[in-house]
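# Fold and geometry: a report
The chain contents come next:
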Amino acid sequence: MPLRRRAVPYLLLAPGLLWLLFFFALPLYYMGRVALEHGDIYAGYHFDWAFSNFTDAISSYHEQLFRSFWYAFVATLLALLIGFPLAYAIATRGGRWRNALLLLVILPSLTTYLVRTLAWETILDDSSPAVNVLQFLGVVPQDGRVLATTGAVIAGITYNFLAFMILPLYATLERLDKGMLEAASDLYANRRKAFMRVTLPLALPGIVAGSLLTFIPAAGDFINAQLLGTSRQYMIGNVIQSRFLVITDYPTAAALSFILMAAILLLVVAWVRIAGSEALLGVEAAEAK
Amino acid sequence: MIRLGYVQKLDKSVLPNIQKNLLPAFRKADFDLTRDYSAPWQGIFAGLIYRKDKIAEPMSVNDIFDPKLKGKVTMLTESRDTVGLTMLGMGKDPSKATTEDINAALDKIDKANRDGQIRRFTGNDYTKEITRGDTWLIYGWSGDAVQLQADDPNIRFFFPPEGFTLSSDNMQIPVGAPHAYTAELMMNYVYDPEVQAKIAKAVNYVTPVKGVKEVLQKENPKLAENELIFPSDKLLENAHIFKKLTPKEEQELDSRFEQVIGA
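Fair warning: this is a prediction, and the values are worked out from it, not measured in the lab. (Residues numbered from 1 in each chain as written. Chains lettered and ligands numbered in written order. Predicted model: local features only at pLDDT ≥ 70, side-chain atom pairs only at ≥ 80, totals over all residues.)

## Digging into the overall build of chain B
Across its full length, chain B holds eleven helices and seven strands. What you see for chain B is a C-alpha radius of gyration of 19 Å, in line with the 18 Å of a compact globule of 263 residues. Projected onto its principal axes, the C-alpha positions of chain B cover 55 × 45 × 30 Å. The buried share of chain B, reckoned over its 263 residues, is 41%. (Helix = DSSP H or I, 4+ residues; strand = E, 2+ residues; numbered from the N terminus. Rg over C-alpha atoms; globule rule 2.2 N^0.38 Å. Buried ≥ 20, exposed ≤ 12 C-beta atoms within 10 Å, placed from the backbone.)

Rendered as structure tokens:
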């Protein structure tokens with residue numbers, strides 16, 4: 001029956017669409033309303049198109065907003081620099097240990113994120129062996145500290161999201177056709193050139209996917225700044241958390257959430273346009289042939 | 001919560017122990033001037049906690065701003081304690097705080113934070129850092145200090161000569177509670193000195209109940225002499241309760257405080 005057949009895709013889509021409607025679209029709508037409310041906790045908040053919430057929020061918290069993106073950017077870059085060689089090594093030299101090595105990458109994620117960050121607090125405290133070694137090597141001054149610094153926060157973010165970088169990278173590098181590299185060397189490309197002209201472009205979809213999976217949660221993170229940093233490292237997530245739960249200033253918190261979301265969306269679109277579309281579409285086109 | 005109408009009035013006829021045994025220092029709170037809606041569970045002093053293996057005994061609440069202790073101090077995320085203690089160091093009384101006093105104290109805290117003097121603003125979790133020795137002198141709470149000191153004799157509570165703040169955790173009954181009477185019986189029960197003595201032994205905070213010291217004197221004289229649990233009248237003269245703020249003042253203080261502490 002043609003009618004029934006036409007209904008099939010919609011029925012298949014329905015659970016996902018309903019999910020999005022109830023757990024994404026509706027909350028987003030209510031949040032948007034709250035962001036435009038005016039008032040205080042005692043008198044109550046009422047809706048009156050208070051767009052000034054947005055401008056006030058930006059002027060009060062642009063520092064934390066920029067800091068969030070800066071930390072997320074550095075952490076993503078570090079995760080790429082650490083993750084790429086690791087994913088490459090596992091994919092090309094892992095042999096029969098491949099799955100075991102991948103398991104080791106995923107294993108820490110089986111502990112909750114909060115507990116892992118708390119563990120870092122212990123690892124990095126002022127009198128810990130790790131910090132003593134860094135002091136001995138002169139990386140950290142004798143009276144200096146690691147915990148409660150910018151470095152600790154960025155290191156924490158990098159560590160916590162590293163697996164999200166490694167896995168997509170591994171997935172693309174693992175499918176890399178060795179024949180292409182042989183062809184490159186037949187055409188007199190040295191190893192460096194072969195890497196730059198063959199491996200890297202083919203790995204681009206993995207890099208784009210990994211950097212998105214790392215950058216997006218990193219920009220909204222507040223646990224690392226809270227546990228490993230000080231108020232001088234607080235990110236926009238810390239502000240939103242405190243505006244919602246401590247000061248009960250819901251409109252500002254909601255406005256900041258929207259600003260964060262919009263800013264991430266803009267950055268992601270820009271990044272995908274620069275690096276992604278060609279890589280993602282290029283691979284699909286190649287596979288289609 | 002009282003202001004928002006979430007809490008119901010207590011029936012004082014069910015609470016004879018509280019009428020009889022509530023210590024004068026706790027008979028009013030900034031949020032409940034007549035104690036019609038709340039009964040203190042335990043009192044809390046906020047003052048200085050320090051490590052005597054790292055620094056000499058403090059002289060003043062202002063020692064927390066000593067540049068020699070840069071990065072080795074923490075302050076509390078509880079605005080009234082942190083602002084109150086800082087105000088006392090500036091010679092102002094938090095129970096008579098004016099907007100200018102509060103803002104001056106916030107400016108001072110803000111500057112110290114920007115200079116890196118203050119390592120962090122913390123809740124109860126300051127115990128981790130001072131136990132590890134990451135911090136040496138902090139704004140902290142009395143009951144925590146008693147317990148920290150029991151685990152590590154190097155950790156001490158210090159009552160600043162300029163004064164310190166007193167607040168309390170409170171028992172309240174939400175509007176619509178089906179068993180308000182039972183809850184009131186419970187409140188009355190913990191105001192029996194014999195019962196309160198057991199609580200005081202376990203939690204080590206300032207007891208708000210009269211006659212507990214006498215109960216403990218026989219059984220645990222050392223604890224009974226601890227001024228952190230049983231403050232003398234003379235000590236209490238130096239304890240300050242933060243002024244009752246109007247809703248507007250309160251939101252201004254909290255909002256500015258959160259901005260100063262970075263969020």
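## Describing the interface of chain B and chain A
On the chain A side, the residues contacting the 18 residues of chain B number 18 residues. Mapped onto the side of chain B that touches chain A, the elements with two or more residues apiece are strand S3 (118-122) and helix H11 (247-260) of chain B. If you tally residues by element for the side of chain B that touches chain A, the top one is H11 of chain B, at five residues. A class-by-class count of the residues in the side of chain B that touches chain A yields five nonpolar, six polar and seven charged. (Contact = placed C-beta atoms within 7 Å. Nonpolar A, V, L, I, M, F, W, Y, C, P; charged D, E, K, R; others polar.)

## Quick look at the nonpolar core
Formed by 58 residues in total, the largest nonpolar core has its most connected members in Phe45, Leu48, Ile49, Leu137 and Tyr139 of chain B. The biggest single contributor to this core is strand S1 (residues 39-51) of chain B, with six residues. Ignoring any residue separated from it by four or fewer positions in sequence, one finds Leu137 of chain B in contact with Leu48, Tyr50, Ile55, Pro58, Asp63, Ile64, Leu69, Lys72 and Val73 of chain B. The next biggest cluster of nonpolar side chains, apart from the first, holds 52 residues, and it includes Ala35, Leu80, Ile90 and Ala91 of chain A. (Core = buried A, V, L, I, M, F, W, Y, C linked by C-beta atoms within 7 Å.)

## Overview of the packing of helix H2 (residues 79-89) of chain B against helix H3 (residues 99-114) of chain B
Residue and element names in this part refer to chain B. Between H2 and H3, the shortest axis-to-axis distance is 9 Å and the interhelical angle comes to 95°. As far as their axial angle goes, H3 and H2 are roughly perpendicular. Here H2 contributes Thr82, Val83, Thr86 and Met87 to the contact with H3, which in turn contributes Asp101, Ile102, Ala105, Leu106, Lys108 and Ile109. Here the residues of the contact of H2 with H3 sort into six nonpolar, two polar and two charged. (Axes fitted to C-alpha atoms, helices over the stretch in contact; angles between N-to-C directions. Parallel < 35°, antiparallel > 145°, perpendicular 65-115°, else oblique.)

## Focus on the confidence of the model for chain B
Residue and element names in this part refer to chain B. When the pLDDT values of chain B are averaged, the result is 92; 100% of them are 70 or greater. Across chain B, the element-wise mean pLDDT spans from 86 in H11 up to 96 in strand S4 (residues 137-141). With a pTM of 0.83, the predicted complex shows an ipTM of 0.77. (pLDDT = per-residue confidence, 0-100.)

## A closer look at H11 of chain B
Over its 14 residues, H11 of chain B extends 20 Å from the first C-alpha to the last, a length consistent with the 20 Å expected when each residue adds 1.5 Å. Lining the buried residues of H11 of chain B we find helix H10 (236-245) of chain A together with H2 and H3 of chain B. One or two residues past the end of H11 of chain B sits Gly262 of chain B, with phi positive at roughly 100°. (Expected span 1.5 Å × (residues − 1).)

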